[in-house]
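Spelled out, the chains give:
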Amino acid sequence: MIDALKQVFDHDDEAREQQMSPAARLAYHQRYSQLIMDELKGWLQKQVDDRLVEPNSSLGKAMTYMQTHWKTLTRFLSIPGAPLDNNLVERALKLFIRQRKNSLFFRTEHSAYIASVLTSLIATCLHAGVNAVEYLVALQEHRAEVAADPAAWLPWTYAASRASP
């Protein structure tokens, strides 16, 4: 099972390296990953049908989960641009979950609010490919310009303006 999934992720890496469009990536996966996923589905079903895996074990529960969510797990074979996993979203959520837990230890509600705003701003900078410390310093150094035209100082706009000469 692990080897089959590794092959599918390797195919996705190849599509990313070749910078395929979502439609081309979909066709690529349909050509190279569809058979692997079909074989995996058959293998999972055989394990359950032949009672080769205890249904209440961790492995049995994982296999049941995969079978129950098969349509969702294989969206990348039917929807252009559908990701193989949701790691990007999970990493983003972890940041805010950690911030929520940390907020319990701030002295005032206002300080927890400020920390949450800064966390959101830093996460946006990371997503936009901007150095968060440099960005926050630039905001402070150019307060008047930020106040006059805030849209020009959003992290993704700031990154574009810094890139152009």
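Before reading further, recall that the structure is shown in the block above.
S.K.: In this structure, what is going on with a nonpolar patch on the surface? I would like to understand it.
M.R.: The grouping of Tyr-113, Ile-114, Val-117, Leu-118, Ile-122 and Leu-126 at the surface amounts to a nonpolar patch, some 540 Å² of accessible area in total. Looking at where Leu-126 falls in the secondary structure, it is placed in helix H7 (residues 109–128). Since its relative accessible area comes to 61%, Leu-126 is described here as exposed.

S.K.: For this particular structure, what's the right way to read unusual backbone geometry?
M.R.: What you tend to see is this: most non-glycine residues have negative phi, and most peptide bonds are trans. Positive phi outside glycine occurs at Gln-19, with the angle close to 50 degrees. Looking at the element boundaries, Gln-19 is found in the loop between helix H1 (2–17) and helix H2 (22–32). In this structure, Arg-51 is a non-glycine residue whose phi angle is positive, near 55 degrees. By relative accessible area, which is 69% here, Arg-51 ends up exposed.

S.K.: What is the right way to look at the nonpolar core in this model?
M.R.: Considering soluble globular proteins, one finds that nonpolar side chains tend to be buried as a cluster. Residues Val-8, Met-37, Leu-40, Leu-44, Met-66, Trp-70 and Phe-76 are the most contacted members of the largest nonpolar core, which totals 13 residues. Elements represented by at least two residues in this core include exactly H1, helix H3 (34–49) and helix H4 (58–68). Looking at which element gives the most residues to this core, the answer is H3, with four residues. Ignoring sequence-local partners within four residues, the contact set of Met-66 consists of Met-1, Leu-40, Leu-44 and Leu-73.

S.K.: Quick question: what am I supposed to make of the pattern of salt bridges here?
M.R.: As a working rule, side chains carrying opposite charge can pair if their charged atoms are close by. One pass over the structure, following the stated rule, counts five salt bridges. In this structure, Arg-16 and Asp-12 form a salt bridge, with 3.0 Å as the shortest nitrogen-oxygen distance. Taken together, the positions of Arg-16 and Asp-12, both in helix H1 and four residues apart, correspond to about one turn of that helix. Its relative accessible area of 5% is what places Asp-12 among the buried residues. Here Asp-13 makes a salt bridge to Arg-16, at a shortest N to O gap of 3.2 Å. Of the two residues, Asp-13 and Arg-16 both sit in helix H1, three residues apart, roughly one turn of that helix.

S.K.: Is there a simple way to think about the packing of aromatic side chains in this case?
M.R.: Geometrically, a pair of aromatic rings is defined through the distance of the ring centres and the angle of the planes. Tallied over the full model, the rule gives three aromatic pairs. With a centroid separation of 4.7 Å and 50 degrees between ring planes, the pair formed by Tyr-28 and Tyr-32 is classed as tilted. Taken together, the positions of Tyr-28 and Tyr-32, both in helix H2 and four residues apart, correspond to about one turn of that helix. A network of ring pairs unites the aromatic residues Tyr-135, Trp-153 and Tyr-158 as a single cluster.

What counts and what doesn't
- Throughout this document, residue positions are counted from 1 along each chain, in the order its sequence is written.
- Per-residue local features of the predicted model are confined to residues with pLDDT of at least 70, and side-chain atom pairs are confined, for both listing and counting, to 80 or more; whole-chain, interface and lining totals are unaffected and use all residues.
- Side-chain metrics rest on all non-hydrogen atoms present in the structure, leaving aside hydrogens and water.
- Without a salt bridge and with relative accessible area above 30%, a residue can belong to a patch; like charges are then joined within 9 Å and nonpolar side chains (Val, Leu, Ile, Met, Phe, Trp, Tyr) within 5 Å.
- Only the protein chains shown count as cover for residues, and the accessible areas themselves come from Shrake-Rupley with a 1.4 Å probe.
- One side-chain nitrogen of Lys or Arg within 4 Å of one carboxyl oxygen of Asp or Glu is enough to make a salt bridge.
- Only DSSP runs of H or I covering at least 4 residues are called helices, and only runs of E covering at least 2 are called strands; the numbering of each starts at the N terminus.
- A 1.4 Å probe rolled over the protein chains alone gives each residue an accessible area, and that area as a share of the maximum for its type sets the label: buried under 20%, exposed over 50%, partly exposed in between.
- For our purposes a nonpolar core is just a set of buried Ala, Val, Leu, Ile, Met, Phe, Trp, Tyr and Cys residues, chained together by side-chain atoms within 4.5 Å.
- In what follows, residue pairs with any heavy atoms lying within 4.5 Å of each other are defined as contacts.
- Within 6.5 Å between ring centres, the rings of Phe, Tyr and Trp (the latter by its six-membered ring) count as paired, and their orientation is classed by plane angle as stacked under 30 degrees, edge-to-face over 60, tilted in between.

From the geometry alone we can't say anything about function, so treat these as descriptive.
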